[in-house]
Amino acid sequence: QIVSVMEKDSGLDREAALANMRFSFLENLCSTTVVRPHESKEHKRSMAIDRFLTGKYTAIPCFAGIMGLIFIMTFSWIGAWLSDGMTVLVDACISWLDAGLSALQINPVVHSLVVDGIANGVGSVLSFLPTIVTLFFFLSILEDTGYMARVAFIMDRPLPKLGLSGRSFVPMLVGFGCSVPAIMATRTLSSERDRRMTILLTPFMSCSAKLPIYTMMISAFFPRQYRALAMIGLYLFGILYAVILKVSRFKGEPVPFVMELPNYRLPSAKSVVHLIWEKAKGFIQKAFTIIFAASIVIWFLQTFDARFNVVSMPESSLLAALGSIFAPLFAPLGFADWRVSTALITGFTAKESVVSTLTLLLGGEVSSIGTLFTPFTAVVFLVFVLLYTPCVAAIATVKREMGSTRAAIMTALTQCVIAWLIAFAVRCVGLAFGLA
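Description of the structure in this document. (Residues numbered from 1 in each chain as written. Predicted model: local features only at pLDDT ≥ 70, side-chain atom pairs only at ≥ 80, totals over all residues. Heavy atoms only, no water.)

Our next topic: the overall build of the protein. Broken down by element type, the protein carries 19 helices and 0 strands. Its C-alpha atoms give the protein a radius of gyration of 25 Å, within 12% of the compact-globule value 22 Å for 436 residues. Counting only C-alpha atoms and orienting by the principal axes, one finds that the protein spans roughly 90 × 45 × 45 Å. Residues classed as buried in the protein amount to 45% of the 436 residues present. Taking contacts inside the protein between residues at least 6 apart in sequence as the whole, the part at least 24 apart equals 74%. Counting every atom, the protein has about 22200 Å² of accessible surface; 69% of that belongs to carbon and sulfur. Within the protein, the 26 negative side-chain charges are centred at a point lying 5 Å from the centre of the 35 positive side-chain charges. (Helix = DSSP H or I, 4+ residues; strand = E, 2+ residues; numbered from the N terminus. Rg over C-alpha atoms; globule rule 2.2 N^0.38 Å. Buried < 20%, exposed > 50% of the residue type's maximum accessible area, 1.4 Å probe, protein only. Contact = heavy atoms within 4.5 Å. Areas by Shrake-Rupley, 256 points an atom, 1.4 Å probe, with all protein chains shown as cover. Lys, Arg positive; Asp, Glu negative; His and termini not counted. Charge placed at Lys NZ, Arg CZ, Asp CG, Glu CD.)

Written out as structure tokens, the structure reads:
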């Protein structure tokens with residue numbers, strides 16, 4: 001009863017209330033007994049900033065405002081402008097390559113492989129490189145200033161009510177970059193329950209590999225002034241679903257979270273450039289390895305039929321035959337076209353493959369994606385992409401961290417089923433309101 005009264009009066013759970021009382025006692029004791037000859041300017045400045053950025057009533061609005069500004073700068077202003085320029089450059093390079101091979105009278109099949117297969121497949125993914133670089137430029141600045149440490153502290157206030165500690169938010173935050181290191185980052189969690197739970201929830205965060213898909217679909221179906229809002233909505237939807245899943249399936253008390261906040265500092269140009277280079281290098285390496293190989297395989301399956309004759313119509317190809325097997329699964333979601341199901345299946349290797357596959361199957365004309373989707377089915381498609389299995393590498397990491405192949409397979413299947421059900425629910429709601 002005393003504990004219940006304490007929690008009600010303080011507005012904190014028992015662990016946080018005890019910690020608050022301890023620190024209050026220590027602060028009062030130190031104020032009357034300890035003489036500090038000098039307080040550093042950095043610490044004084046950090047304390048002044050924290051009164052606003054980590055204040056009880058201002059912390060969450062400040063965090064939402066900062067992230068909203070970053071998304072607007074990335075997807076509506078700077079990043080969008082740079083991506084448009086990159087698209088023009090990539091298209092120009094493909095045109096020059098096409099003209100050069102035509103002038104040399106290269107064999108038509110080889111010509112198609114180089115231009116329609118490799119160049120269009122890899123180029124479609126490279127077009128989104130500036131968007132990813134811009135996003136991580138701003139995030140690296142936040143990390144280098146010391147604000148990201150405060151984000152974990154800020155989120156430790158609402159998360160315990162959901163059975164999570166602020167420490168669990170750190171891997172989930174890393175998941176916005178890539179699910180693989182995010183899953184590995186759960187090793188820092190002292191509670192096995194928190195660790196397993198965070199591993200299962202982290203893949204629902206929107207990793208950077210999904211950004212090209214988001215950007216492609218949002219650019220095609222949303223006016224420029226609403227693109228940042230749509231992108232924020234996708235990120236928030238993933239977080240919201242993870243929270244709902246946690247509350248409904250995983251119950252229990254979180255482990256108390258204590259951390260030391262570093263002083264604020266000016267971001268180092270060297271560390272910011274290093275982080276951006278690492279992200280860009282990883283993206284480019286993936287484009288010229290996994291996406292390169294996937295583009296060749298997709299081109300081959302699209303170009304030949306079962307007798308290895310060059311097809312005149314894509315519907316007669318091996319790829320159409322394979323894609324048609326899975327197409328009925330997605331018919332209730334509003335996209336029964338075999339090209340969409342093929343793109344989603346190749347997304348298991350790497351999410352960027354969805355973009356390169358659709359580009360190849362549309363003959364390099366991404367602008368004609370409106371033939372596959374309506375604006376509403378595009379939203380349903382984005383919801384499915386957001387929630388279904390990130391990639392093979394993420395599932396392999398789940399297996400390694402959880403020590404069970406069965407757990408990894410069940411995680412992948414569960415994510416796919418959840419993605420289908422939620423996307424179907426979104427479509428049903430849309431049909432009920434006449435949006436489809």
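Moving on to the nonpolar core. Counting 75 residues, the largest nonpolar core has Tyr 214, Met 217, Phe 335, Leu 344, Phe 373 and Phe 381 as the members making the most contacts within it. With 10 residues, helix α17 (residues 375–387) is the largest single contributor of residues to this core. If near-sequence neighbours (up to four positions away) are discounted, Phe 335 is found in contact with Phe 330, Val 340, Leu 344, Phe 373, Thr 377, Val 380 and Phe 381. In terms of nonpolar packing, the next biggest core, distinct from the first, is built from 10 residues, Ile 199, Ala 394, Val 398 and Met 402 among them. (Core = buried A, V, L, I, M, F, W, Y, C linked by side-chain atoms within 4.5 Å.)

With that settled, consider the pattern of salt bridges. Close approach of charged atoms allows side chains with opposite charge to pair. One pass over the full model with this rule turns up 6 salt bridges. As a salt-bridge pair, Glu 7 and Arg 14 come within 3.4 Å of each other at their nearest N and O atoms. Relative accessible area serves as the criterion here: at 24%, Glu 7 is assigned to the partly exposed category. Among the ionic pairs, Arg 339 bridges to Asp 337, the shortest N-O distance being 3.0 Å. Looking at Asp 337, the relative accessible area reads 23%, which means it is partly exposed. (Salt bridge = Lys/Arg side-chain N within 4 Å of Asp/Glu carboxyl O.)

All right, on to the side chain of Thr 389 then. By the secondary structure assignment, Thr 389 is in the loop between α17 and α18 (392–402). Side-chain polar atoms of Thr 389 contact the backbone oxygen of Ala 412, separated by 3.1 Å. (Polar contact = N/O pair within 3.5 Å; in protein donor to acceptor, adjacent residues only side chain to side chain.)

With a phi close to 55°, Gln 105 is a non-glycine residue in the positive phi region. By secondary structure assignment, the location of Gln 105 is in the loop between α4 (59–103) and α5 (108–126). The phi torsion at Phe 308 lies on the positive side, around 65°, for a residue other than glycine.

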